[in-house]
Amino acid sequence: MPTPEDKGRSTRALIATIILNVGLLLIVAGTVMPLIQIGTLTARWVYASGAALSIAGRVMSPAPPKGIELRVRRLYRLETWSTILFAVAAFFLFYPRAGATDWIAFTLAGGFIQAYTSIMIPRALKK
């Protein structure tokens, strides 16, 4: 029978997941907006708010369960780096001396890491 403490943890994990997913969707929207000719300033703020929500979601998410193998713990840690890369990309969107495509490089790197870990963590946990 779940204790009230377990229920609090699962609620917190659910809220963290929702915040993280909304943040990632805002990052995607902020990346696509310049391609469909929507204002650059609006796209910057949408992307930056997505990066901020992504950071908040990662901070709120519970730590990986104890007793999992080292590889899975490293994948969880790598997943956090994708959020850091999105935050760096948001910085380059507002930095006046940045190149026009610096933010895209960090977004692609963060997206690749996010895709890789979302495939590999369930695979590694199945074993």
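Look above for the structure.
Residues numbered from 1 in each chain as written. Predicted model: local features only at pLDDT ≥ 70, side-chain atom pairs only at ≥ 80, totals over all residues. Heavy atoms only, no water.

Enquirer: I would appreciate a short explanation of a nonpolar patch on the surface in the present structure.
Expert: Taken together, the side chains of V28, V32, L35, I36 and I38 present a nonpolar region at the surface, about 460 Å² in accessible area. Mapped onto the secondary structure, V28 falls in helix α1 (residues 4-32). Using a relative accessible area of 47% as the deciding quantity, one classes V28 as partly exposed. (Patch = residues over 30% accessible without salt bridge, like charges linked within 9 Å, V, L, I, M, F, W, Y side chains within 5 Å. Areas by Shrake-Rupley, 256 points an atom, 1.4 Å probe, with all protein chains shown as cover. Salt bridge = Lys/Arg side-chain N within 4 Å of Asp/Glu carboxyl O. Helix = DSSP H or I, 4+ residues; strand = E, 2+ residues; numbered from the N terminus. Buried < 20%, exposed > 50% of the residue type's maximum accessible area, 1.4 Å probe, protein only.)

Enquirer: For this particular structure, what's the right way to read helix α3 (residues 70-94)?
Expert: Every α-helix carries 3.6 residues per turn, so stepping three or four residues along brings you back to the same face. The end-to-end C-alpha distance of α3 is 37 Å, a good match for the 36 Å that 25 residues give at a rise of 1.5 Å each. Among the residues making up α3, those that are buried are V72, L75, E79, S82, T83, L85, F86, A89, A90, F92 and L93. (Expected span 1.5 Å × (residues − 1).)

Enquirer: Explanation requested: the packing of helix α2 (residues 40-60) against α3 in the structure shown.
Expert: Relative orientation and spacing of two packed helices are given, respectively, by the angle between their axes and the distance between those axes. Following both chains from N to C, one finds α2 and α3 inclined at 155 degrees, their axes separated by 9 Å at the closest point. As judged from the angle between their axes, α2 and α3 are roughly antiparallel. Handedness of the crossing formed by α2 with α3: left-handed. Contact residues: α2 offers R44, W45, Y47, A48, A51, S54, I55 and R58, while α3 offers E79, T80, S82, T83, F86, A87, A89, A90, L93 and F94. Taken together, the residues that form the contact of α2 with α3 break down as eleven nonpolar, four polar and three charged. (Axes fitted to C-alpha atoms, helices over the stretch in contact; angles between N-to-C directions. Parallel < 35°, antiparallel > 145°, perpendicular 65-115°, else oblique. Left-handed = near helix turned anticlockwise from the far one by under 90°. Contact = heavy atoms within 4.5 Å. Nonpolar A, V, L, I, M, F, W, Y, C, P; charged D, E, K, R; others polar.)

Everything listed is a geometric property; what it means functionally is a separate question.
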